[in-house]
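# Structure at a glance
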Amino acid sequence: MFRMLKDKRALVTGSTSGIGLAVARALAAEGAEVVLNGFGDAGEIAKLCEELGATHHGADLMDASAIAAMMGAIGPVDILVNNAGMQHVAPVEDFPVAKWDAIMALNLSAAFHTTRAAVPGMKAKGWGRIINTASAHSLVASPFKSAYVAAKHGLAGFTKTIALELATSGITANCISPGYVWTPLVENQIPDTMAARGMTREQVMNDILLAKQPTKQFITPEDVAALAVFLCGDAARGITGANYALDGGWTAE
Ligand code: NAD
């Protein structure tokens, strides 16, 4: 059977859950040797490693030195998917400073720290794929998500910059920007959004989340994974510096 990513090594950050896990599964199905990263139950992670023929490195990506240690320990990667992220919902005047710092560290700075470590190995091979999970919030804003929107806009800008720097090196760098994907990250922000807006759970689901998506459907993690696989292929070699909206029409408005 032809497997497009046979002989490729991929690091997918934040891949013990949600979108990252779906991307890791899809890359492994195409033959890539996958390194998982993220938190979770040790037994569950061991099972995932067995299922995918993967290894796992549990570095906390809010810590630059832990990222450097992880990148050194795992060695060169051909595919880097910067996916780990978190959310916090609060009005700006009440936004906890520690949450702002954490979101900047995880959703933005971590991608810089992994990328700067991965690029020399990619350059040496003359081939590489950097895929950053941004968000519709890298393109448009929503109230009460100041840190997340700022970090994701920053990630989109970072991606365009490295795409230009690496354009003649056989390395592409692109963002995938999903709308609302039904994962724990979305589920967990419902209570805070209920509090910030004084709404019921049903109102948050229908009037806030799916109100943004003209299709009235959540995106699936597998939809994101399929686009990531496409961006890893030879057919996508000319695509770099792009920011793919995968948002059911949200940012078309
Ligand atoms: P998730 O909460 O299901 O998964 C997050 C992953 O990141 C987990 O594996 C978790 O263990 C890991 N993680 C969290 N903190 C970490 C840390 N400090 N160090 C290392 N790993 C850490 O979330 P998800 O919905 O799958 O989101 C993945 C990415 O997609 C995020 O960047 C998110 O902003 C983005 N995104 C999600 C949606 C959505 O609707 N779910 C939409 C657009 C963009």
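Here the structure is shown first, and the text comes after it.
This section reports on the structure supplied with the text. The shown structure was predicted, so the numbers you read here are calculated from the model rather than taken from an experiment. (Residues numbered from 1 in each chain as written. Predicted model: local features only at pLDDT ≥ 70, side-chain atom pairs only at ≥ 80, totals over all residues. Heavy atoms only, no water.)

## A few points about the environment of leucine 155
Positionally, leucine 155 belongs in helix H5 (residues 146-165). Overall, leucine 155 belongs to the buried group, its relative accessible area being 1%. Residues leucine 155 and alanine 134, spaced 21 residues apart in sequence, show a C-alpha to C-alpha distance of 6.6 Å. Once you skip the residues sitting within four places of it in the chain, leucine 155 turns out to touch Asn107, Leu108, Ala111, Asn132, Thr133, Ala134 and Cys175. (Helix = DSSP H or I, 4+ residues; strand = E, 2+ residues; numbered from the N terminus. Buried < 20%, exposed > 50% of the residue type's maximum accessible area, 1.4 Å probe, protein only. Contact = heavy atoms within 4.5 Å.)

## Digging into the packing of helix H1 (residues 18-29) against helix H8 (residues 221-232)
Packing of H1 against H8 brings their axes to within 8 Å, and their N-to-C directions diverge by 45 degrees. Classified by the angle their axes make, H1 and H8 are oblique. Relative to H8, the crossing made by H1 is right-handed. Residues Gly18, Ile19, Ala22, Val23, Ala26 and Leu27 of H1 pack against Pro221, Glu222, Val224, Ala225, Ala228, Val229 and Cys232 of H8. Its residues assigned to classes, the contact of H1 with H8 shows 11 nonpolar, 1 polar and 1 charged. (Axes fitted to C-alpha atoms, helices over the stretch in contact; angles between N-to-C directions. Parallel < 35°, antiparallel > 145°, perpendicular 65-115°, else oblique. Left-handed = near helix turned anticlockwise from the far one by under 90°. Nonpolar A, V, L, I, M, F, W, Y, C, P; charged D, E, K, R; others polar.)

## Looking at the packing of helix H6 (residues 184-197) against helix H7 (residues 201-209)
It is the contact of H6 with H7, at a shortest axis distance of 9 Å, that shows an interaxial angle of 100 degrees. Here H7 runs roughly perpendicular to H6, going by the angle between their axes. Judged by residue contacts, Val186, Glu187, Ile190, Thr193, Met194 and Arg197 of H6 engage Arg201, Val204, Met205, Ile208 and Leu209 from H7.

## A word on the packing of aromatic side chains
Considering all chains together, one arrives at 2 aromatic pairs under this definition. Ring centres of tyrosine 180 and tryptophan 250 lie 5.1 Å apart, and the angle between their planes is 10 degrees; this geometry places the pair in the stacked category. On the criterion of sequence distance, the pair formed by tyrosine 180 in the loop between strand E6 (171-178) and H6 and tryptophan 250 in the segment after strand E7 (243-246) is long-range, its members being 70 residues apart. Both residues of the pair, tyrosine 180 and tryptophan 250, count as buried. Cation over ring: lysine 8 sits above tryptophan 127, and NZ or CZ is 3.8 Å from the ring centre. (Phe/Tyr/Trp six-rings, centres within 6.5 Å; stacked < 30°, edge-to-face > 60°. Lys NZ or Arg CZ within 6 Å of the ring centre and 35° of its normal.)

## A word on the site of the ligand
What surrounds the ligand is a group of 30 residues, the closest being Ser17, Asn83, Tyr148, Val181 and Thr183. Here isoleucine 19 contributes a backbone N or O atom positioned 2.8 Å from an oxygen atom of the ligand. Interatomic distance of 2.9 Å between a backbone N/O atom of leucine 61 and a nitrogen atom of the ligand. Isolated, the ligand exposes 830 Å² of accessible area, and the fraction of that covered by the protein chains is 93%. Of all elements in the fold, only H1, H5 and H6 reach the threshold of two or more residues within the shell around the ligand. When residues of the shell around the ligand are assigned to their parent elements, the largest contribution, 3 residues, is made by H6. Counted by class, the shell around the ligand contains 15 nonpolar, 13 polar and 2 charged residues. (Near = heavy atom within 4 Å. Polar contact = N/O pair within 3.5 Å; in protein donor to acceptor, adjacent residues only side chain to side chain. Areas by Shrake-Rupley, 256 points an atom, 1.4 Å probe, with all protein chains shown as cover.)

## Structural notes on the nonpolar core
Counting residues in each nonpolar core, the largest one holds 37 residues, and the members touching the most others are Leu11, Leu61, Met70, Met71, Ile74 and Ile130. Of all the secondary structure elements, the ones that give two or more residues to this core are helix H3 (64-74), helix H4 (97-125), H5 and E6. For this core, the leading source of residues is H4, giving 9 residues. If near-sequence neighbours (up to four positions away) are discounted, leucine 11 is found in contact with Val35, Asn37, Met70, Met71, Ile74, Val77, Ile79, Leu80 and Val81. (Core = buried A, V, L, I, M, F, W, Y, C linked by side-chain atoms within 4.5 Å.)

## Examining the pairing of strand E4 (residues 79-82)
Residues Ile79 and Val81 of E4 are buried on one face, and the alternating residues Leu80 and Asn82, pointing to the opposite face, are buried as well. When strand E1 (residues 9-12) meets E4, the two strands line up parallel, connected through 3 bridges. Paired with valine 12 across the two strands is valine 81, which belongs to E4. With 4 bridges connecting them, E4 and strand E5 (residues 128-133) associate as parallel partners. (Pairing = 2+ DSSP bridges.)

## A short note on unusual backbone geometry
The bulk of non-glycine residues show a negative phi, and the bulk of peptide bonds are trans. Positive phi is not limited to glycine here, since aspartate 7 has a value of about 80 degrees. Looking at where aspartate 7 falls in the secondary structure, it is placed in the segment before E1. Residue classification places aspartate 7 among the exposed positions, given a relative accessible area of 66%. The phi angle at lysine 216 is positive, at roughly 60 degrees, despite the residue not being glycine. You can see lysine 216 is positioned in the loop between H7 and H8.

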